[in-house]
Amino acid sequence: MNLGATAMTLSRDEAESTLRDISKTERRSSNLFGYRFGAPHLFLWGAIWMIAYGATYLRPEWSIVWPILIVVGVIGSFWLSWRAKSARADTFGWRYGATLVAVFLFVGALFAILPPHRDAQVAAFFPILVALFYLLIGIWTRGVRMVVLGLAVGALTLFGYFDLPAYFLLWMAVVGGGGLILGGFWLRHA
Amino acid sequence: MDQPNAIIHQPVRLKIMAALRALPQGEQLEFVRLKAIVGATEGNLGAHITTLEEAGYAAIEKDFVGKRPRTRVTLTKEGRRAFEDYVADLRTIIDATRRE
């Protein structure tokens, strides 16, 4: 590169305009890469929600599947990130683990201070938390699709909780789990 | 007087380089995705990628996924360095005129 030559032949306006183009393209590329990276995780967790909420709806005693499927989900997420073999995946492992620990600590503290009175409250709380994460990721990465996903998951969860209490678990299995899977397709084809 | 790096200083190639630079180092971008990001026609994009490859800025890998051919493009170390120099030059121009 020739700094002097570039400086001599480009005006400030041209330089600013070019930097804006670069920034816009980089953001779009980065978002699409993030979507591609995130889509398989949505498929995985969508399937887990479908099975776990569906099982709990059919037979409350089958709620035992939750801890098992959460472990499957965590291991599956590690495997998906390892399979991606990208530079981002290299740092994914410890960040993912640290995030899970932080979330467990937060939830433990929250439930100690504000203990839930009904199972449905717990069932609604975690999707709301997931929705919050999607929303925050979308806001900070300017990922419009993540913002939409976060708002959709949050709104659908609240609708099911308040307006369909008798079918809430079924609602979460079909709409929540199915929504995540559809969201995964939506991200993958961005 | 030398001109700015003519290989990078071209709208389509600039976008290709920016799209590749946004990825983690060594990460490849599929041709079809690059086409969607850059907004160029297939032929036009292919020609500009070839120019970048000939300059040593981009590397192309072709393979098959099942029976479908797949072309993936990645930024070389040299390309990343050249692009970062180019961006630094742009900032230098802006800073220099700000001080005037």
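So, how was this worked out
Residues numbered from 1 in each chain as written. Chains lettered and ligands numbered in written order. Predicted model: local features only at pLDDT ≥ 70, side-chain atom pairs only at ≥ 80, totals over all residues. Heavy atoms only, no water. Helix = DSSP H or I, 4+ residues; strand = E, 2+ residues; numbered from the N terminus. Rg over C-alpha atoms; globule rule 2.2 N^0.38 Å. Buried < 20%, exposed > 50% of the residue type's maximum accessible area, 1.4 Å probe, protein only. Contact = heavy atoms within 4.5 Å. Areas by Shrake-Rupley, 256 points an atom, 1.4 Å probe, with all protein chains shown as cover. Pairing = 2+ DSSP bridges. Axes fitted to C-alpha atoms, helices over the stretch in contact; angles between N-to-C directions. pLDDT = per-residue confidence, 0-100. Core = buried A, V, L, I, M, F, W, Y, C linked by side-chain atoms within 4.5 Å. Polar contact = N/O pair within 3.5 Å; in protein donor to acceptor, adjacent residues only side chain to side chain. Patch = residues over 30% accessible without salt bridge, like charges linked within 9 Å, V, L, I, M, F, W, Y side chains within 5 Å. Salt bridge = Lys/Arg side-chain N within 4 Å of Asp/Glu carboxyl O.

This part is about the overall build of chain A. The number of helices and strands found in chain A is seven helices and zero strands. In sequence order, chain A lays out its α and β elements as α-α-α-α-α-α-α. Radius of gyration (C-alpha) of chain A: 21 Å, far over the 16 Å computed for a compact globule of 190 residues. In terms of its C-alpha atoms, chain A occupies a principal-axis envelope of roughly 75 × 35 × 35 Å. The buried share of chain A, reckoned over its 190 residues, is 36%. Considering only intrachain contacts with a sequence separation of at least 6, the fraction spanning at least 24 residues in chain A is 67%. Only carbon and sulfur atoms are counted for the fraction: they give 71% of the accessible area of chain A, which is about 10900 Å².

In this section: the sheet that holds strand β2 (residues 58-65) of chain B. Residue and element names in this part refer to chain B. Taken together, the three strands give an open sheet; going across it, the order is β1-β3-β2, and neighbouring strands pair in antiparallel fashion. In this open sheet, the two edge strands, each paired with only one partner strand, are β1 (29-30) and β2. As judged from the eight bridges shared by β2 and strand β3 (residues 68-75), these two strands associate in the antiparallel manner. Across the sheet, residue Glu61 finds its bridge partner in β3, namely Arg72. Helix-sheet contacts for helix α1 (residues 11-21) involve β1 and β3, and the interaxial angle to β3 is about 85°.

Residue and element names in this part refer to chain A. Of all residues in chain A, 91% have pLDDT values of 70 or greater, and the mean over the chain is 86. Mean pLDDT in chain A bottoms out at helix α1 (residues 3-9), which sits at 49, and peaks at helix α6 (residues 144-163), which reaches 93. Taken together, the stretch residues 1-7 has pLDDT below 50 and engages in 17 contacts with residues farther than four places along the chain or on a different chain.

We now examine the pairing of β3(B). Relative to β3(B), β1(B) runs antiparallel, the two sharing two bridges. Bridge assignment links B:Glu30 to a residue of β3(B), and that residue is B:Arg72.

Counting residues in hydrophobic clusters, the biggest one holds 60 residues, and the most contacted among them are A:Ile22, B:Ile8, B:Ile16, B:Leu34, B:Leu45 and B:Phe83. When residues in this core are grouped by element, the largest group, 13 residues, is from helix α2 (residues 12-58) of chain A. With residues near it in sequence (within four places) discarded, B:Phe83 still touches A:Ile22, A:Glu26, B:Ile8, B:Leu14, B:Met17, B:Ala18 and B:Arg21.

With respect to the helices, strands and loops of the structure, B:Gln28 is situated in the loop between α1 and β1. Side-chain polar atoms of B:Gln28 contact the side chain of B:Glu61, separated by 3.0 Å. Beyond its immediate stretch of four places on either side in the chain, B:Gln28 contacts A:Arg36, B:Leu23, B:Glu61, B:Arg72, B:Val73 and B:Thr74.

Residue and element names in this part refer to chain A. Side chains of Leu132, Leu136, Ile139 and Trp140 sit close together on the surface and give an oily, nonpolar patch of about 470 Å² of accessible area. In this fold, Leu132 is placed in helix α5 (residues 119-141). Its relative accessible area of 41% is what places Leu132 among the partly exposed residues.

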